[in-house]
Amino acid sequence: MRAVVQRVSRAQVVVEGEVVGQIGPGLLVLLGVGRGDTHDDAAYLARKIAGLRVFADAEGKMNLALPDIGGEVLAVSQFTLYGDTRKGNRPSFIEAARPEEGRRLYQHFCDLLAQQGLHVETGVFQAHMEVHLVNDGPVTLWLDSADKQSPRRS
């Protein structure tokens, strides 16, 4: 499971001209579900995202997490995070989960965030969405549940 996480001052998702999800300060999470992902992958990313210390403390250092600031989450399904562009110019999405599995794990991920006391807004699964955001910082992180087994070292 992959996530692009952006610290935002506000964000919203619009479907067919209607706002379907919006947040104030918090995190916009673009979430991709891959073939073979499990509940453990969703739990890992939900814990990681809820605990990310990317918000400024009184000294201006990134020391605070969502619960510390009363931040919200806007979670948007994004199967294109599994797009493979190594061959040719048109992405292949064979590594993305099938829609029914992707929907199930996306919803499970959102439920896990809510169980941690976070306010979670969502987009509409498989809809054409317009995502509007004001990136704060900017702060943008890439998380992959595959990293829980073998952290990258430089």
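Residues numbered from 1 in each chain as written. Predicted model: local features only at pLDDT ≥ 70, side-chain atom pairs only at ≥ 80, totals over all residues. Heavy atoms only, no water.

Participant: For this particular structure, what's the right way to read the pairing of strand S6 (residues 72-77)?
Facilitator: As a general feature of sheets, a regular strand has side chains that alternate between the two faces. Here S6 lies mainly inside the structure; five of its six residues are buried. Here S6 runs beside strand S7 (residues 119-122); their pairing, made up of four bridges, is parallel. Bridge pairing in S7 links valine 73 to valine 120. Following the chain from S6 across helix H3 (residues 99-115) to the adjacent parallel S7, one finds a crossover that is right-handed. (Buried < 20%, exposed > 50% of the residue type's maximum accessible area, 1.4 Å probe, protein only. Helix = DSSP H or I, 4+ residues; strand = E, 2+ residues; numbered from the N terminus. Pairing = 2+ DSSP bridges. Right-handed = clockwise from strand over helix to strand, strands pointing away.)

Participant: Explain the environment of leucine 105 here, please?
Facilitator: With respect to the helices and strands, leucine 105 occurs in helix H3. Given a relative accessible area of 0%, leucine 105 falls into the buried group. Among all residues touching leucine 105, those that are not within four sequence positions of it are Met1, Val33, Asp37, Thr38, His39 and Ala42. (Contact = heavy atoms within 4.5 Å.)

Participant: Help me out: how do you make sense of the packing of helix H1 (residues 39-51) against H3 in this one?
Facilitator: When two helices pack together, you describe them by how their axes are tilted relative to each other and by the distance separating the axes. In the contact formed by H1 and H3, the axes pass within 9 Å of each other and the chain directions differ by 40°. One finds that H1 runs oblique with respect to H3. Where H1 crosses over H3, the two elements pack in a sense that is right-handed. Mapping the contact onto sequence places His39, Ala42, Ala43, Leu45, Ala46, Ile49 and Ala50 in H1 and Arg104, Leu105, His108, Phe109, Leu112 and Leu113 in H3. Split by residue class, the contact of H1 with H3 holds 10 nonpolar, two polar and one charged. (Axes fitted to C-alpha atoms, helices over the stretch in contact; angles between N-to-C directions. Parallel < 35°, antiparallel > 145°, perpendicular 65-115°, else oblique. Left-handed = near helix turned anticlockwise from the far one by under 90°. Nonpolar A, V, L, I, M, F, W, Y, C, P; charged D, E, K, R; others polar.)

Participant: Would you explain unusual backbone geometry in this entry?
Facilitator: Excluding glycine, most residues fall at negative phi; most peptide bonds, likewise, are trans. Of note, the amide linkage connecting glycine 137 to proline 138 takes the cis form, showing an omega dihedral of -5°. Mapping proline 138 onto the fold places it in strand S8 (residues 130-144). Positioned with a positive phi, glutamate 16 is a non-glycine residue whose angle comes to about 50°. Looking at the element boundaries, glutamate 16 is found in the loop between strand S1 (2-15) and strand S2 (18-23). Classification of glutamate 16 as exposed rests on a relative accessible area of 81%. Unusually for a residue other than glycine, glutamine 126 sits at a positive phi of about 65°.

None of the figures reported here should be taken as evidence of function without further support.
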